[in-house]
Protein chains: 2
Amino acid sequence: MSNFLTEKYTKLAPYVPGEQPKDKKYIKLNTNESPFPPSPLAVKLANDEAKNLMLYSDPDSRDLIKEIALYYGVNTNQVIVTNGSDEVLNFAFMAYCDSKTPAIFADITYGFYKVFADVNNLPFKEIPLKQDFTIDVNDYIKEDGTVFIANPNAPTGIKLQLTEIEKLLQSNPNRIVVIDEAYADFSGESMVNLVDKYDNLLVTQTFSKSRSMAGARLGFGIANAKIIEDLNKIRYSTNPYNVNRMTASAGIGAIKDKEYFASNVEKIIKAREYTQKELTNLGFSLTDSKANFVFTKTEKIDGETLYLKLKEKGVLVRHFSKPRIKDYIRVTVGSIEEMQTFIEKVKEILEK
Amino acid sequence: MSNFLTEKYTKLAPYVPGEQPKDKKYIKLNTNESPFPPSPLAVKLANDEAKNLMLYSDPDSRDLIKEIALYYGVNTNQVIVTNGSDEVLNFAFMAYCDSKTPAIFADITYGFYKVFADVNNLPFKEIPLKQDFTIDVNDYIKEDGTVFIANPNAPTGIKLQLTEIEKLLQSNPNRIVVIDEAYADFSGESMVNLVDKYDNLLVTQTFSKSRSMAGARLGFGIANAKIIEDLNKIRYSTNPYNVNRMTASAGIGAIKDKEYFASNVEKIIKAREYTQKELTNLGFSLTDSKANFVFTKTEKIDGETLYLKLKEKGVLVRHFSKPRIKDYIRVTVGSIEEMQTFIEKVKEILEK
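The written sequence of each chain sets the order in which its residues are numbered from 1. Chain A is the first chain written and ligand 1 is the first ligand written, with later ones labelled in order. A pLDDT threshold of at least 70 governs which residues receive local features in this predicted model, and a stricter bar of 80 or more applies before side-chain atom pairs are shown or counted, although totals over entire chains, interfaces and linings include all residues.

Before we move on, could you go through the overall build of chain A and cite the residues and values that matter?
Secondary structure elements follow DSSP: runs of H or I of four or more residues count as helices, runs of E of two or more count as strands, with numbering from the N terminus. Summing up its helical and strand segments, chain A has 11 helices and 12 strands in all. The quantity called the radius of gyration is restricted to C-alpha atoms. Its globule counterpart is 2.2 Å times the number of residues to the power 0.38. The C-alpha atoms of chain A give 20 Å as radius of gyration, which agrees with the globular expectation for 352 residues (20 Å, within 12%). Across its three principal axes, chain A shows a C-alpha extent of roughly 60 × 50 × 50 Å. Residues classed as buried in chain A amount to 55% of the 352 residues present. Each residue gets a C-beta atom placed from its backbone, and two residues are in contact if those atoms lie within 7 Å. A fraction of 72% describes how many contacts in chain A between residues 6 or more apart in sequence connect residues 24 or more apart. Burial in this document is a count-based property: other C-beta atoms within 10 Å of a residue's C-beta are tallied, and the residue is buried at 20 or more, exposed at 12 or fewer, or partly exposed in between, with C-beta positions derived from the backbone.

Help me get a handle on the interface of chain B and chain A, residues and values and all.
Listed as interface residues are 71 residues of chain B and, on the opposing side, 71 residues of chain A. Counting only elements with at least two residues in the side of chain B that touches chain A, the list comes to α1 (40–49), α3 (85–96), α4 (112–119), α7 (225–236) and α8 (245–256) of chain B. It is α7(B) that contributes the most residues to the side of chain B that touches chain A, seven residues altogether.

Describe the domain arrangement of chain A, listing the residues and the values that go with them.
How big an interface is tends to be stated in terms of accessible area lost as the parts join. Residue and element names in this part refer to chain A. Domain limits in this description derive from either an automatic procedure or a database domain assignment. Looking at chain A, the domain boundaries give domain 1 (18–36 + 262–351) and domain 2 (40–256). Relative to domain 2, the C-alpha centre of domain 1 lies at a distance of 26 Å. Taken together, the contact pairs 21 residues of domain 1 with 17 residues of domain 2. At the level of secondary structure, the elements contributing two or more residues to the side of domain 1 that touches domain 2 comprise α9 (258–281) and β10 (293–297). Looking at which element gives the most residues to the side of domain 1 that touches domain 2, the answer is α9, with four residues.

Talk me through helix α6 (residues 162–171) of chain B; I want residue IDs and the actual numbers.
All names here are of chain B. Every buried residue of α6 is listed here: Ile165, Leu168 and Leu169. Buried residues of α6, seen end-on, are gathered within an arc of 100 degrees and therefore sit on one face of the element. Of the exposed residues in α6, those oriented more than 90 degrees away from the buried face are Thr163 and Gln170. Throughout, the arc means the angular range of directions from the helix axis out to the C-beta atoms.

Can you break down the relation of the copies chain B and chain A residue by residue, with the values?
We superpose the copies by least squares over the C-alpha atoms of residues that have a pLDDT of at least 70 in both of them. Superposition record for chain B on chain A: RMSD 0.0 Å, screw rotation 180 degrees, translation along axis 0.0 Å. These values place the two chain copies in the arrangement generated by a two-fold rotation axis. Closest approach to the rotation axis within chain B is made by the C-alpha atom of Asn47(B), at a distance of 2.6 Å. A share of 100% of interface residues in chain B that are also interface residues in chain A marks the association as one of identical surfaces.

Please set out the confidence of the model for chain A residue by residue, giving values where relevant.
The predictor attaches a confidence to each residue, called pLDDT, with possible values from 0 through 100. Mean pLDDT over chain A works out to 97, with 100% of the residues at or above the 70 mark. Confidence estimates for the predicted assembly give a pTM of 0.97 and an ipTM of 0.96.

Tell me about the nonpolar core, residues and numbers included.
Core analysis: the largest hydrophobic core is formed by 228 residues, its most contacted members being Ala92(A), Leu201(A), Met213(A), Ala92(B), Leu201(B) and Met213(B). Every residue in contact with Met213(B), bar those within four places of it in the chain, is listed here: Leu53(A), Met54(A), Pro38(B), Ala42(B), Phe207(B), Ser208(B), Leu218(B), Ala250(B) and Ala254(B). For this analysis, nonpolar core means a set of buried Ala, Val, Leu, Ile, Met, Phe, Trp, Tyr and Cys residues linked through C-beta atoms within 7 Å.

An account of the environment of Leu350(A) is needed here, citing residue identities and associated values.
Residue and element names in this part refer to chain A. Assignment of secondary structure puts leucine 350 in helix α11 (residues 336–351). Along the backbone, leucine 350 and leucine 306 are 44 residues apart, and their C-alpha atoms lie at a distance of 9.1 Å. Residues contacting leucine 350, with those up to four places away along its chain left out, are Leu282, Lys300 and Ile301.

How would you explain the sheet that holds β10(A) if you had to name every residue and give the values?
Residue and element names in this part refer to chain A. Strand pairing is assigned whenever DSSP detects at least two bridges linking the two strands. Pairing is antiparallel across the open sheet formed by three strands, whose spatial order is β9-β10-β12. The open sheet terminates on both sides in strands that have one partner only, identified here as β9 (285–286) and β12 (329–332). The sheet contact formed by β9 and β10 spans two bridges and is antiparallel. Its bridge partner lying in β10, serine 285 is registered against lysine 297.

In structure tokens:
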């Protein structure tokens, strides 16, 4: 840190991404990436576009937004695209929270929400999940402020029912509810179709997980047109060309290649079910994850030791030191072969 | 705008990028893009990387930063890479300005500085350029605050001498001076080599202009390691994966392909000199631009009319309505053929 850094950031604690060690080749089950390569159509369109890089990208990403709008059955003015869904989430913190309007989110959820509040100098309130890690929307209905809910939640994978979220939206139409659907494609349900019904709903999604494009940086938000206008105002005031040409083209390919997408999602759901069953058989307890990861613990070995022993054996999973979840590990669902290896390694560790 | 937007942004005036009309094919001399395609090596490396998009990019962009550091003869911990240089500039506004430390910049300069100050709710002071559009560093030495200077400046293209900037850096070692070198490759001089000498210097550059990668979104900052640490803290608190895999690879290719880069820069400088000479012969007055654009006016026709008439004839240039520069047009230097056409069209307009 330099002596020049302005005081408000000196105590800022940045987000800590999952580790990306380069010391050896791991089975990488720690950052919820897809085990499958991007759609061949996404690769082709990105590659075709590289020769045009001397020209700025369309700051309104019109071609990409047209495809997303078509896919989700909304109007083009109801969609914003961003450099990962982190960017649209940050814009939402900026646009809809201030000193009088705190951000409200769970104590156990996507770790970036707290960082977005901090970096923007915004007040926030963490609402404890219930003992079983579920969300009770009544806890949020009681609070004033802008609500951020990851659904399914991370790192638990637990899904909140659509009717519950509707109850929250209806309880106070004067505040924004942001539903972060990074993992929704693995859950079989999305709130996107409710944006016309609720003016105060913003749904965010990402191409990073179900569409195998984590390394392309593409996320989006869907809401009523006025919300999108707000978010674009902030986008045009920070980085109008936020989505590069190759990524925009890859996004079009990924959206158009519906079969490839559906087949990959199906494979991951099957591999998740396999993993959940095997871990249960080994005496692990698990949350009811509807995401592309499982969240699990056992009384036979503590979370941190299991994480370390798996790493030694070449399997990378994620462990969080936060007290309420320190017994758990979060395991990304990879291919069925990767999950078989993971289960084997767990057995070896437990047998010792 | 929705009713939910927090009060501090309701009056925010976003940046207005150059127009990207799709009604017909233009000779596009309005957004300072390169007329040349990206380096073949940049295209190849980007294309090779597309198949790996399912994995997150390296949040530290180590391979790319290694190449940039090598090229500029600095250490890897003296470099940050960002989603265009707009992102590193925004980080610098965030990190080094606050209610007691205003941003200081010229009245005529890159239009985004004012927007960065506004979006971050920071005080700023605009220092008028001299009558001839040059900067007198004494005007900045007098002021407290963090200084942002585009060098060469936009839209004038006028370059401030390195010794003048050193005078500014030395006059107050307790404040940051940001030198925005978006156009420096066309000027034959950079401040990069001074970052070890001055703790309070941050130099920013972009791959958008001289490296033909506007559509890839890649910029960088070079400074002493503590400054880079500050900026990375903010990057990790907003968007740690800000540079996507394909762009990072393209960047490596662009840096490695030194001959292609040098040859393109030389062609643009020659086309600039051609354009300056021809316009002078036609009675235009010009600033002494060292960038990839010329800034010019004539008493025969006002700036806006000339812009509109050129647009009618299929040549897009940029006109700014700000009073001090409303008589001028800014013309990106394209290929020599494009500039010949531009001159022809200007002649046709003047002859009428």
